[in-house]
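# Understanding the architecture of this molecule
This is what each chain is made of:
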Amino acid sequence: MKIKAFVVFVVLLMLSAPFLLSQEKERGLPGPDELCDRASKRLESLLEGEEKADWEEAAGFFRKAIETKSDCVPALIGYGWAINRSESFSISMSDYYASYGYLARVLVLEPENPTALWVMADLQRHISRYDRALPLAQKAVELAPDDPVSYTHLRAHETSLH
């Protein structure tokens, strides 16, 4: 009897999915691609320092974008950057591990993404993995030699070793 009830529930859920998605559109909720576009703009703003960030709120925003579209590269990088920058006591080691996983996913999707490389380097430095941080920062500079931010991060990593 329990199995029949479960099967009926799953079938009803599957039948109602298009209706629920159309309701989200009517309420003005963004779809996965739109949320990923917003994540891209938000990350750009954070990286340029234009936004005085509430880093926990930013991490929540990026996590929501990731839940909606798991391969949204700007959200994956943004979450890592927000966790790295947060000075809140509510950030736990599980947040750092999630950040590491998201950044690793970016580097699988885009192995030569300099922003992902230096954010991953910063994360490694933040958790005292200096031996892993420096090569990542060096590769970021190699891939984006005209990006002054990459050089800033490289200097920070070189300083951490001494």
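Residues numbered from 1 in each chain as written. Predicted model: local features only at pLDDT ≥ 70, side-chain atom pairs only at ≥ 80, totals over all residues. Heavy atoms only, no water.

## Remarks on the environment of Ser92
- Within the secondary structure layout, Ser92 lies in the loop between α4 (73-85) and α5 (93-109).
- Polar contacts involving the side chain of Ser92 include one to the side chain of Ser94, which spans 2.7 Å. (Helix = DSSP H or I, 4+ residues; strand = E, 2+ residues; numbered from the N terminus. Polar contact = N/O pair within 3.5 Å; in protein donor to acceptor, adjacent residues only side chain to side chain.)

## Quick look at the nonpolar core
- Ranked by internal contacts, the top residues of the largest apolar core, which has 38 residues, are Ala39, Phe62, Ala75, Ile77 and Tyr79.
- For this core, the secondary structure elements donating two or more residues are α2 (32-47), α3 (55-68), α4, α5, α6 (114-126) and α7 (130-143).
- By residue number, the principal contributor to this core is α4, which donates eight residues.
- The residues touching Ala75, leaving out its near neighbours within four places in the chain, are Ala39, Phe62, Ala65 and Ile66. (Core = buried A, V, L, I, M, F, W, Y, C linked by side-chain atoms within 4.5 Å. Buried < 20%, exposed > 50% of the residue type's maximum accessible area, 1.4 Å probe, protein only. Contact = heavy atoms within 4.5 Å.)

## Considering a nonpolar patch on the surface
- Taken together, the side chains of Met93, Tyr97 and Ile127 present a nonpolar region at the surface, about 310 Å² in accessible area.
- For Tyr97, a relative accessible area of 57% puts it in the exposed group. (Patch = residues over 30% accessible without salt bridge, like charges linked within 9 Å, V, L, I, M, F, W, Y side chains within 5 Å. Areas by Shrake-Rupley, 256 points an atom, 1.4 Å probe, with all protein chains shown as cover. Salt bridge = Lys/Arg side-chain N within 4 Å of Asp/Glu carboxyl O.)

## Details of the packing of aromatic side chains
- Going through the model one piece at a time under the given rule, you end up with three aromatic pairs.
- When the centroid spacing of 5.4 Å and the interplanar angle of 70 degrees are considered together, the rings of Phe61 and Phe62 count as edge-to-face.
- Centroid distance Tyr79 to Tyr102: 5.1 Å. Interplanar angle 75 degrees. Geometry classified as edge-to-face. You can see Tyr79 sitting in helix α4 and its partner Tyr102 sitting in helix α5, a full 23 residues away along the chain. A single burial state applies to Tyr79 and to Tyr102, both of which are buried.
- Stacked on the ring of Phe61, the Lys or Arg Arg42 has its end atom at 5.0 Å from the ring centre. (Phe/Tyr/Trp six-rings, centres within 6.5 Å; stacked < 30°, edge-to-face > 60°. Lys NZ or Arg CZ within 6 Å of the ring centre and 35° of its normal.)

## A short note on α2
- With 16 residues, α2 extends 22 Å between its outermost C-alpha atoms, agreeing within 8% with the 22 Å of an ideal straight helix rising 1.5 Å per residue.
- Within the span of α2, buried status applies to Leu35, Cys36, Ala39, Arg42, Leu43, Ser45 and Leu46.
- Against the buried residues of α2 lie α3 and α4.
- In the segment just after α2, Gly49 is the residue with positive phi, at about 75 degrees. (Expected span 1.5 Å × (residues − 1).)

## A few points about the confidence of the model for the protein
- Counting all residues, the mean pLDDT for the protein is 79, and 71% of those residues have values of 70 or more.
- The least confident element of the protein, judged by mean pLDDT, is helix α1 (residues 2-26) at 50; the most confident is α5 at 92.
- Considering only residues more than four positions removed or in separate chains, one finds that residues 19-24, a stretch of pLDDT under 50, has one contact. (pLDDT = per-residue confidence, 0-100.)

## Details of the environment of Ser86
- Of note, Ser86 is situated in the loop between α4 and α5.
- Through-space distance from the C-alpha of Ser86 to that of Ala59 is 8.8 Å; in sequence the pair is 27 residues apart.
- Excluding residues that lie within four positions of it along the chain, Ser86 makes contacts with Trp55, Glu56 and Ile91.

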